Amino acid sequence: MKFEAPTTWPTDAAAAISRQNELRSQVRLQDEVRSPPKLVAGVDVGFEENGEVTRAAVVVLEFPSLQLVETALAKRPTTFPYVPSLLSFRELPTLLAALAELKLTPDLILCDGAGIAHPRRFGIACHLGVTVDCPTIGVAKSRLIGTHEAVPSEKGAWVPLRDRDETIGAVYRSRTNTKPLYVSAGHRITLPTALDYVRQCTPKYRLPETTRLADRLASNRGQLPPLKSSCEDDDTEQMSLL
DNA sequence: GCGACAG
DNA sequence: ATCTTGTCGC
């Protein structure tokens, strides 16, 4: 996938916060997603060598069938510590390297972490979306900021996630009797549309299929389903990356 | 000053 | 995130 990668990168927290404040004005919260999307990507990051190496994975699924069509991996030295609200500065450099390897261009990217449900309204999903100019959704497994009422226990239920007087996302029950997901818009999408696509990407498990597959690839565990291309031809025996 | 705090 | 086995519940 083609995009313009950042030239400079903040080294300390103060510079990172300044960068977030500069870039946040580029976030667009209107639906600018191909409808329906044809390709939905999932991205995730894992670590090796006691955290000294960052490993980023991208998977691209056909929508709405959720069939795997492409994967990409990248490893880079870890250069930024984990600081709550500055996650993107730790994970994005390697994530962008993996995305650059993609032949296909996704119509939508689901990120592990927050979108605008962030202290400065610029979580990793926003940062990624603005950087590659692609619609993104933040899907976090736990809360960064915001308050909400109890979420009904039935699959599909959700309640607004709020900060002061604004709605910054939704707490979504993707599965009965399971911890809910924290969904927020990243870039070029509205919350209702984001919730709808997260729902369609989460037919069975707690996490969206995109995130589940990217997780496995990033952490190098489990087996990935065969690529769709290696299903249609059975004479080309391509060995899968794992 | 004391907690909370995506991955 | 990562270190780690079995176990309880749908």
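What counts, and at which threshold
Residues numbered from 1 in each chain as written. Chains lettered and ligands numbered in written order. Predicted model: local features only at pLDDT ≥ 70, side-chain atom pairs only at ≥ 80, totals over all residues. Helix = DSSP H or I, 4+ residues; strand = E, 2+ residues; numbered from the N terminus. Rg over C-alpha atoms; globule rule 2.2 N^0.38 Å. Buried ≥ 20, exposed ≤ 12 C-beta atoms within 10 Å, placed from the backbone. Contact = placed C-beta atoms within 7 Å. Near = placed C-beta within 6 Å. Nonpolar A, V, L, I, M, F, W, Y, C, P; charged D, E, K, R; others polar. Core = buried A, V, L, I, M, F, W, Y, C linked by C-beta atoms within 7 Å. UniProt positions renumbered as here; feature names shortened; annotations may be inferred. Axes fitted to C-alpha atoms, helices over the stretch in contact; angles between N-to-C directions. Parallel < 35°, antiparallel > 145°, perpendicular 65-115°, else oblique. Left-handed = near helix turned anticlockwise from the far one by under 90°. Pairing = 2+ DSSP bridges.

Our focus in this paragraph is the overall build of chain A. Tallying secondary structure elements over chain A gives six helices and eight strands in all. Helices (α) and strands (β) of chain A occur, in sequence order from the N terminus, as α-β-β-β-α-β-α-β-β-β-β-α-α-α. Taking 242 residues into account, the globule formula puts the C-alpha radius of gyration at 18 Å, and chain A, at 17 Å, falls close to it. Counting only C-alpha atoms and orienting by the principal axes, one finds that chain A spans roughly 60 × 45 × 35 Å. Relative to its 242 residues, chain A shows a buried fraction of 44%. Within chain A, contacts between residues separated by at least 24 positions form 62% of all contacts whose residues are at least 6 apart in sequence.

Around DNA strand C, a shell composed of Gly46, Phe47, Asn177 and Ser219 is seen. Of the residues in the surface near DNA strand C, the class split is one nonpolar, three polar and no charged.

The next subject is the nonpolar core. With 64 residues, the main nonpolar core has Val58, Val59, Ile137 and Val183 as its most contacted residues. At seven residues, the largest contribution of residues to this core is made by helix α2 (residues 87-100). Beyond its immediate chain neighbours, meaning those up to four positions away, valine 58 contacts Ala41, Val43, Thr71, Ala72, Ala98, Leu99, Leu102 and Ala214.

According to UniProt, the feature "site: Interaction with target DNA" (unreviewed entry) maps to Tyr82 in the numbering used here. On the secondary structure map, tyrosine 82 appears in the loop between β3 (68-77) and α2. Taking the C-beta count within 10 Å as the criterion, tyrosine 82 has 12 such neighbours and is therefore assigned exposed. Beyond its immediate stretch of four places on either side in the chain, tyrosine 82 contacts Leu87 and Arg90.

We now examine the protein's contact with DNA strand B. Taken together, the neighbourhood of DNA strand B is formed by 18 residues, with Tyr82, Gly113, Ala114, Gly123 and Lys141 sitting nearest. Taken together, the residues of the surface near DNA strand B sort by class into nine nonpolar, six polar and three charged.

With that settled, the discussion passes to unusual backbone geometry. For the peptide bond that leads from serine 35 to proline 36, omega is -5°, which places it in the cis range. Relative to the assigned elements, proline 36 resides in the loop between α1 (13-23) and β1 (39-48). Cis rather than trans, the peptide bond between phenylalanine 63 and proline 64 has omega equal to 5°. When you line up the elements, proline 64 lands in the loop between β2 (53-62) and β3. Despite not being glycine, arginine 164 shows a phi value in the positive range, around 55°. Although it is not a glycine, asparagine 220 adopts a positive phi angle of roughly 60°. Secondary-structure assignment places asparagine 220 in the loop between α5 (209-219) and α6 (229-232).

Another aspect to go through is the packing of α2 against helix α3 (residues 124-132). It is the contact of α2 with α3, at a shortest axis distance of 10 Å, that shows an interaxial angle of 40°. With respect to α3, the element α2 is oriented oblique. Crossing of α2 against α3: the hand is right-handed. Facing Leu87, Ser88, Glu91, Leu92, Leu95, Leu96 and Leu99 of α2, the residues of α3 in contact are Ile124, His127, Leu128, Thr131 and Val132. In terms of residue class, the contact of α2 with α3 is made up of eight nonpolar, three polar and one charged.

Attention now moves to the sheet that holds β3. With mixed pairing, the eight strands of this open sheet are ordered in space as β3-β2-β1-β4-β5-β8-β7-β6. A single partner strand is all that each edge strand has here, and the edge strands are β3 and β6 (158-163). Recorded for the sheet is a direction-independent mean angle of 25° between the axes of neighbouring strands. Against the sheet, α2 touches β1, β2 and β3, its axis set at about 45° to β2.

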